[in-house]
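# Report on the structure
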Amino acid sequence: MKRTWLLAVAALVVAACGGGDDTAAYSTTAAPTTSLATTTTVAAPTTTVAPTTTTTLDLTAGLDESVVGAARVGIQPCALEVDDAGFPWVTMYGKAEVVKLDPSTGAALASFPTGPTPCGIAYLDGSLWVGQLGSDNLVRMDPATGDVLAEIPLQADPWDVQPAEGSVWVARRLGGSVLRIDPATNDVVAEVDVAGTLSGLASTPGAVWVAAESARQVVRIDTATDEVTAIIELPGSPVWFATTAGAVWVSGANTGEVWRIDPAIDEVVATIPINDKPLDLAAAGGYVWVPGQTEGILTRIDPSTNEAREIELVPGIFVAEPVGELVWVTDFSGADVYFVDPTLGE
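One structure accompanies this document, and this report is about it. Each chain carries its own residue numbering, running from 1 in the direction its sequence is written. Since the coordinates come from a predicted model, pLDDT governs what is reported: local features require at least 70, and pairs of side-chain atoms require 80 or more to be given and counted, while whole-chain, interface and lining totals use all residues. For the side-chain quantities, the full set of heavy atoms in the structure was used; hydrogens and water were omitted.

### What about the nonpolar core?
- Side-chain atoms within 4.5 Å link the members of a nonpolar core, which is a set of buried Ala, Val, Leu, Ile, Met, Phe, Trp, Tyr and Cys residues. Buried means the residue's accessible area, taken with a 1.4 Å probe over protein chains only, is under 20% of the maximum for its type, while exposed means over 50%, and partly exposed covers the values in between. By size, the foremost hydrophobic cluster in this structure holds 35 residues, and its most contacted members are W249, L281, I301 and F318.
- What I301 contacts, discounting residues up to four positions off in sequence, is W249, V258, I272, I274, Y287, V288, V290, N306, E307 and A308.
- V67, A282, Y287 and W289 belong to the second largest nonpolar core, which has 16 residues in total. Contacts are assigned to residue pairs with any non-hydrogen atoms lying within 4.5 Å of each other.

If you want it as structure tokens, here you go:
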């Protein structure tokens, strides 16, 4: 998963989720002078950080019947990733930590400090990989202890982090490139230039997909050669992805649309209107789920028909992620995660 990054307080959510050339970008720190391929091993913390106090609350009153629960997890929950054991991890953009949650209740099981403003997160080779927007670094962490195993300077803000083909891939928001990192060495082994301001990443067999937001393009990278093999022009600015069998779905935050791309021909084959500002998508339970940040509408798309159904949540929702049999949705403007049952509300 997915997936990174976004209000610094209100302006940053616009920067991260709005359409390319008509939005402001995050403010970033000066680029490190260290070579991209250089990593720094960081000393382990001397103590394990106590879990954040997390309470499961009744936050679902008045919401759709498919919203079966919610949990208060921390300050500005940003991205979600599920590890090999089925435990979800959430980055707390507003508190500089990553929190392990109980997949049944959303209660915190452990929390570990990160660098400033973490968002994008991936799980690969038994490690958490966390993008730190405030330091322009990618941090590799031991999920059992919170120890920082490596800190990889990227020289630009890591907007999204995605595991694919045994590597960790990072979209450099203002750096104009996608980096491929080998977990065996923690080194950058490839850099693929992509035009414009970049947003989300996705993967399908043999390919990584990049949202070139300001260029209004989706770019396909061949993971066997690390070369661009297709550029798909769009009528708006792409931001985030989901994938299903035979389809790549991408949200257009500045046009209120989701575009369906057929990876067999690298063309848009359907456009689905969204009555909100669509952000970070997920595929779960046979549907595509699209959080809407402005009105708080979660849109469920049926890939068999491209028809959409709307579920009211709360303004500020940002990321959707499958966790077990449910879909979890983060409220980036607040402190909560909502649990949606894909089998209800038909």
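### Observations concerning the packing of aromatic side chains
- The criterion for an aromatic pair is that two Phe, Tyr or Trp rings (for Trp, the six-membered ring) have centres within 6.5 Å, with stacked assigned to planes under 30 degrees apart, edge-to-face to planes over 60 apart and tilted to the rest. Evaluation of the coordinates by the stated rule reveals 6 aromatic pairs.
- Ring centres of Y287 and W289 lie 6.0 Å apart, and the angle between their planes is 75°; this geometry places the pair in the edge-to-face category. Each member of the pair, Y287 as well as W289, is classed as buried.
- We note K100 situated over the ring of F87; from NZ or CZ to the ring centre the distance is 4.3 Å.
- Geometrically, a lysine NZ or arginine CZ counts as sitting over a ring once it is within 6 Å of the ring centre and also within 35 degrees of the ring normal. When the ring centre of W159 is taken as origin, the NZ or CZ atom of R173, which lies over that ring, is 4.4 Å away.

### What to know about the state of the cysteines
- In this description, the term disulfide denotes a pair of cysteine sulfurs within 2.5 Å. On inspection of all chains with the given rule, the structure shows 1 disulfide.
- With a sulfur-sulfur separation of 1.7 Å, C78 is cross-linked through a disulfide to C119. Measuring the twist about the S-S bond at about -60°, one finds the C78-C119 disulfide to be left-handed. Separated by 41 residues along the polypeptide, C78 in strand β3 (residues 77-82) and C119 in strand β7 (residues 118-124) bring together distant segments of the chain. Elements are defined by DSSP. Helices are runs of H or I of four residues or more, strands are runs of E of two residues or more, and each kind is numbered from the N terminus.

### Details of the pairing of strand β9 (residues 137-141)
- Burial within β9 is extensive, with 5 of its 5 residues counted as buried.
- On β9, burial covers both faces: N137, V139 and M141 on one face and L138 and R140 on the other are all buried.
- The antiparallel hairpin formed by strand β8 (residues 127-132) and β9 contains 4 residues in its connecting segment, where D136 sits at a positive phi of about 60°.
- We treat two strands as partners when DSSP finds at least two bridges between them. Sheet analysis places β9 next to strand β10 (residues 148-153), joined by 5 bridges and oriented antiparallel. The residue of β10 that forms the bridge with M141 is V148.
- Where β9 folds back on β10, the antiparallel hairpin that results is connected by 6 residues, among which G146 adopts a positive phi of roughly 85°.

### So, the environment of T229
- Within the secondary structure, T229 is located in strand β18 (residues 227-233).
- With 37 residues separating them in the primary sequence, T229 and D266 have C-alpha atoms 9.6 Å apart.
- Ignoring any residue separated from it by four or fewer positions in sequence, one finds T229 in contact with R220 and D222.

### Concerning the sheet that holds strand β20 (residues 247-252)
- One open sheet holds the 4 strands; their spatial order is β19-β20-β21-β22, and the pairing between them is antiparallel. Of all strands in the sheet, those bounded by a partner on one side alone are β19 (238-244) and β22 (267-273). When strand polarity is set aside, the average angle formed by the axes of neighbouring strands in this sheet is 25°.
- Here 5 bridges tie β19 to β20, and the two strands are oriented antiparallel to one another. Among the inter-strand pairings, P238 is bridged to a residue of β20, identified as G252. For every element, the axis is a line fit to its C-alpha atoms; helices are fit only across the contacting stretch, and the angle between N-to-C directions ranges from 0 to 180 degrees.

### Section: the pattern of salt bridges
- The salt bridge criterion pairs a side-chain nitrogen of Lys or Arg with a carboxyl oxygen of Asp or Glu, the two atoms within 4 Å. According to the stated counting rule, one finds 7 salt bridges in the structure shown.
- Across the salt bridge formed by R172 and E191, the nearest N and O atoms sit 3.2 Å from each other. Taken together, the residues R172 in strand β12 (residues 167-172) and E191 in strand β14 (residues 187-193) connect sequence positions 19 residues apart.
- Owing to a relative accessible area of 6%, R172 belongs among the buried residues under this scheme.
- On the accessibility criterion, E191 (40% relative accessible area) is partly exposed.
- E213 is paired through a salt bridge with R173; the nearest N and O atoms lie 2.6 Å apart. A residue pair is termed long-range when its members are at least 10 positions apart, and E213 in the loop between β16 (207-212) and β17 (217-222) and R173 in the loop between β12 and β13 (177-182) qualify at 40 residues. Accessibility assignment for this pair places E213 and R173 in one class, buried.

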